[in-house]
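# A closer look at the structure
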Amino acid sequence: MSVVDKTTAVQDNARPRGGESWALCLEAAETVARQAGVVIREAIKGEKQVMVKSSMVDLVTETDQKVEKLIINYLKQQFPTHSFIGEESVADGQGCSLTNNPTWIIDPVDGTTNFVHGFPFVAVSIGLAVNKKVEVGVVYSCVADKMYTARKGHGAFCNGRPLKVSKVTELSRSLLITEMGSSREPESMAIRMENIHNLVCIPCHGIRQLGSAALNLCSVAAGEAEAYFEFGIHCWDMAAGVLLVEEAGGVIVDTTGGPFDLMSQKIIAANCPAIATSIADTLKEVAVGRDGMQT
Ligand code: LIP
């Protein structure tokens with residue numbers, strides 16, 4: 001490939017098809033995440049219209065739906081050639097196929113159960129994937145007013161301060177995070193509990209369940225926990241947070257220890273390969289679906 005071709009190729013890779021720069025995309029995501037955060041903060045302590053989705057504990061509110069429309073309308077106006085995957089749009093029957101086109105992957109209120117109860121661990125999560133790789137990630141912890149941002153190759157930040165993962169390298173000295181998820185199917189519950197039991201008995205220092213995948217990933221990126229793992233979550237829960245962990249020096253793998261797949265509904269995010277491998281070696285697999293296969 002000639003020098004000119006290589007230069008062109010690099011420039012093409014550096015910009016989505018529409019020619020927008022990553023900085024512009026990050027700025028737009030931050031702006032609309034902050035606007036969404038105002039709506040969530042105003043609603044979190046009020047009366048809510050609560051509905052259920054895949055199970056009695058898989059909740060959605062009118063705020064989730066309103067905030068997702070706000071985010072998509074704003075980004076569509078800025079980037080009309082881009083595609084969108086939103087949690088509540090998918091729940092309403094829209095597609096969930098991740099193509100090579102620049103695609104915004106959005107969870108308007110990550111931690112909806114927390115939101116319903118007024119528990120403040122809630123976030124707006126907005127990721128941008130191009131050629132199926134996340135290039136931009138924004139997670140806004142709107143009650144705490146913490147804006148987590150990352151661009152691939154440019155580091156991860158919280159309110160502008162650099163994020164770095166923990167330096168701990170042994171599972172026995174680790175604080176872990178996981179979730180029970182939104183399935184109460186007895187067999188999968190039993191495996192989840194067995195996984196928690198086996199890790200606690202290593203012993204690790206502790207296991208936390210705080211109800212937001214996006215903020216769990218931010219905790220790993222910020223060095224506040226060594227790892228987070230979960231079975232049964234979706235691309236919109238993970239897209240922004242996985243980039244934050246990677247840009248903060250961490251690793252993202254499948255629950256088997258193999259390569260991570262954003263659509264696989266399972267994840268291990270860790271501060272280092274050694275801890276990721278120790279967790280993968282301990283986990284028993286929980287049967288989950290695959291995003292984009294929704295009927
Ligand atoms: C939640 C995730 C969490 C998972 C819950 C739920 P939501 O996302 O953040 O990790 O355990 O079941 O999926 O539904 O609040 O956007």
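Above this note sits the structure.
Reference entry: report on the structure contained in this document.

Cut-offs and rules
- Residues numbered from 1 in each chain as written.
- Predicted model: local features only at pLDDT ≥ 70, side-chain atom pairs only at ≥ 80, totals over all residues.
- Heavy atoms only, no water.
- Near = heavy atom within 4 Å.
- Polar contact = N/O pair within 3.5 Å; in protein donor to acceptor, adjacent residues only side chain to side chain.
- 1 Å grid on protein atoms, 1.4 Å probe; cavity = no way out; pocket = protein on both sides within 12 Å on 5 of 7 lines; lining within 4 Å.
- Sits in = over half its atoms within 2 Å of the grid points.
- Helix = DSSP H or I, 4+ residues; strand = E, 2+ residues; numbered from the N terminus.
- Nonpolar A, V, L, I, M, F, W, Y, C, P; charged D, E, K, R; others polar.
- Points joined across faces, edges and corners; volume = space filled by probe spheres on them.
- Patch = residues over 30% accessible without salt bridge, like charges linked within 9 Å, V, L, I, M, F, W, Y side chains within 5 Å.
- Areas by Shrake-Rupley, 256 points an atom, 1.4 Å probe, with all protein chains shown as cover.
- Salt bridge = Lys/Arg side-chain N within 4 Å of Asp/Glu carboxyl O.
- Buried < 20%, exposed > 50% of the residue type's maximum accessible area, 1.4 Å probe, protein only.
- Pairing = 2+ DSSP bridges.
- Axes fitted to C-alpha atoms, helices over the stretch in contact; angles between N-to-C directions.
- Contact = heavy atoms within 4.5 Å.

### Let's talk about the site of the ligand
Not every one of the 16 residues close to the ligand is listed here, only the nearest: D107, D110, G111, T112 and E230. At 2.8 Å, a backbone N or O of A213 approaches an oxygen atom of the ligand. At a threshold of 2 Å from the grid points, most atoms of the ligand map onto the largest pocket. Looking at the shell around the ligand, the elements with two or more residues in it are strand 4 (103–110) and strand 12 (227–231). Sorting elements by how many residues they give to the shell around the ligand places strand 4 first, with three residues. Partitioned by chemical class, the residues of the shell around the ligand number four nonpolar, six polar and six charged.

### Quick notes on empty space enclosed by the protein
If you walk through the whole model with that rule in mind, you get one cavity of 30 Å³ or more. The computed volume of the largest cavity comes to approximately 50 Å³. The wall of the largest cavity is formed by T178, E179, R192, N195, I196, F229, E230 and F231. Elements that contribute at least two residues to the lining of the largest cavity include exactly helix 6 (186–200) and strand 12. Classifying every residue of the lining of the largest cavity gives three nonpolar, two polar and three charged.

### Some words on the layout of surface pockets
Rolling a probe over the atoms, with the probe sized like a water molecule, indicates the empty space that remains. Taken as a whole, the largest pocket encloses approximately 940 Å³ of empty space. In this structure, the largest pocket is lined by 42 residues; those nearest its centre are V57, D58, G181, S182 and G232. At the level of elements, helix 4 (87–91), strand 4, helix 5 (112–117), helix 6, strand 12 and helix 8 (235–247) are the ones that each hand at least two residues to the lining of the largest pocket. Classifying every residue of the lining of the largest pocket gives 15 nonpolar, 17 polar and 10 charged. Elements with a minimum of two residues in the lining of the second largest pocket: strand 6 (133–141) and helix 8. Sorting elements by how many residues they give to the lining of the second largest pocket places helix 8 first, with three residues. A class-by-class count of the residues in the lining of the second largest pocket yields seven nonpolar, no polar and six charged.

### A word on a nonpolar patch on the surface
A surface patch of nonpolar side chains, amounting to about 280 Å² of accessible area, comprises V52, M56 and V57. Here V57 lies in the loop between strand 1 (50–52) and strand 2 (59–61). Residue classification places V57 among the partly exposed positions, given a relative accessible area of 31%.

### Topic: the sheet that holds strand 11 (residues 206–208)
In any sheet, the strands associate via hydrogen bonds between backbone groups, in a parallel or an antiparallel arrangement. The strand order across the open sheet built from five strands is 11-10-12-14-13, with neighbouring strands paired in mixed fashion. The open sheet has two free edges, formed respectively by strand 11 and strand 13 (251–253), since each of these has just one partner strand. This sheet shows a mean twist of 20° between the axes of neighbouring strands, independent of strand direction. Contacts from helix 8 reach strand 13 and strand 14 (266–270), with the element oriented near 25° to strand 14. The strands touched by helix 9 (residues 273–282) within the sheet are strand 10 (175–177), strand 12, strand 13 and strand 14, with strand 14 carrying the most contacts at an inclination of about 145°.

Scope: geometric values only; no functional claims are made or implied.
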